[in-house]
Amino acid sequence: MVFLEKEVEEKLYILQQLQSEAETIQRRIIELELVDSQLEKTIESLEYFNSLDEGVEALMNLGGGIFAYVDVKNAKKMLVDVGAGVVVEKEVGEAIEFLKKKREFIQKNVTSLEQMLQQIVEKARQIQIELAKKEEKK
């Protein structure tokens, strides 16, 4: 009987660990989906810039909820952060393609995380079934 209780405790502990892992993965999926949404909006803005023949007046976010009106004289070239603090000048079309590749990478990560989450849910379900069977034997 003591062995059975210890086995149940171990399975409950594993269930708690699986739940914690699942919550962490769910948070990461949400974070990635937010980044993906921001990239999508940026791509839409860049496509607008790409459609212009001349400069445009725009609002620039200075941070902290403060915006400034700015004149964008050359809306055909953008400065793109390519990682590790390196900024490169790119044509708007190149910047759009760069962001689309980032979105693809993020979407692949989300798919991978969703698969991991599904595996965790399945493991938890199996443990719950085992625990239910043990409870019936009592």
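One can find the structure itself at the top, above this paragraph.
Residues numbered from 1 in each chain as written. Predicted model: local features only at pLDDT ≥ 70, side-chain atom pairs only at ≥ 80, totals over all residues. Heavy atoms only, no water.

Let's shift gears to the side chain of Asp 36. Tracing the sequence through the fold places Asp 36 in helix α1 (residues 2-51). Once you skip the residues sitting within four places of it in the chain, Asp 36 turns out to touch Arg 103, Ile 106 and Gln 107. (Helix = DSSP H or I, 4+ residues; strand = E, 2+ residues; numbered from the N terminus. Contact = heavy atoms within 4.5 Å.)

Below, the discussion takes up the nonpolar core. If you look at the biggest cluster of nonpolar residues, it comprises 29 residues, and the most contacted ones within it are Ile 25, Ile 29, Leu 46, Phe 49, Val 72 and Met 78. Of all the secondary structure elements, the ones that give two or more residues to this core are α1, β1 (56-63), β3 (77-83) and α2 (92-137). By residue number, the principal contributor to this core is α2, which donates 12 residues. (Core = buried A, V, L, I, M, F, W, Y, C linked by side-chain atoms within 4.5 Å. Buried < 20%, exposed > 50% of the residue type's maximum accessible area, 1.4 Å probe, protein only.)

This next bit is on the pattern of salt bridges. Within this structure, the stated rule accounts for 7 salt bridges. Glu 130 serves as the salt-bridge partner of Lys 11, at 2.6 Å between the closest nitrogen and oxygen. Of the two residues, Lys 11 is situated in helix α1 and Glu 130 in helix α2; the sequence distance between them amounts to 119 residues. By relative accessible area, which is 16% here, Lys 11 ends up buried. Between Glu 91 and Lys 77 there is a salt bridge, with the nearest N and O atoms lying 3.1 Å from each other. Highlighted residues: Glu 91 in strand β4 (residues 86-91) and Lys 77 in strand β3, separated in sequence by 14 residues. Judged by relative accessible area, Glu 91 falls into the partly exposed class, the value being 36%. In this structure, a network of salt bridges that share partners links the residues Lys 77, Glu 89 and Glu 91. (Salt bridge = Lys/Arg side-chain N within 4 Å of Asp/Glu carboxyl O.)

To continue, consider the packing of aromatic side chains. Per the counting criterion, the structure on display carries 1 aromatic pair. Relative to Phe 49, the ring of Tyr 48 has its centre 6.2 Å away and its plane inclined at 55°; by these criteria the two rings are tilted. (Phe/Tyr/Trp six-rings, centres within 6.5 Å; stacked < 30°, edge-to-face > 60°.)

With that settled, the discussion passes to the environment of Ser 51. Structurally, the position occupied by Ser 51 is in helix α1. Considered as a pair, Ser 51 and Val 92 are 41 residues apart in the sequence and their alpha carbons are 9.9 Å apart. Within polar-contact distance, the side chain of Ser 51 engages the backbone oxygen of Tyr 48 at 2.6 Å. (Polar contact = N/O pair within 3.5 Å; in protein donor to acceptor, adjacent residues only side chain to side chain.)

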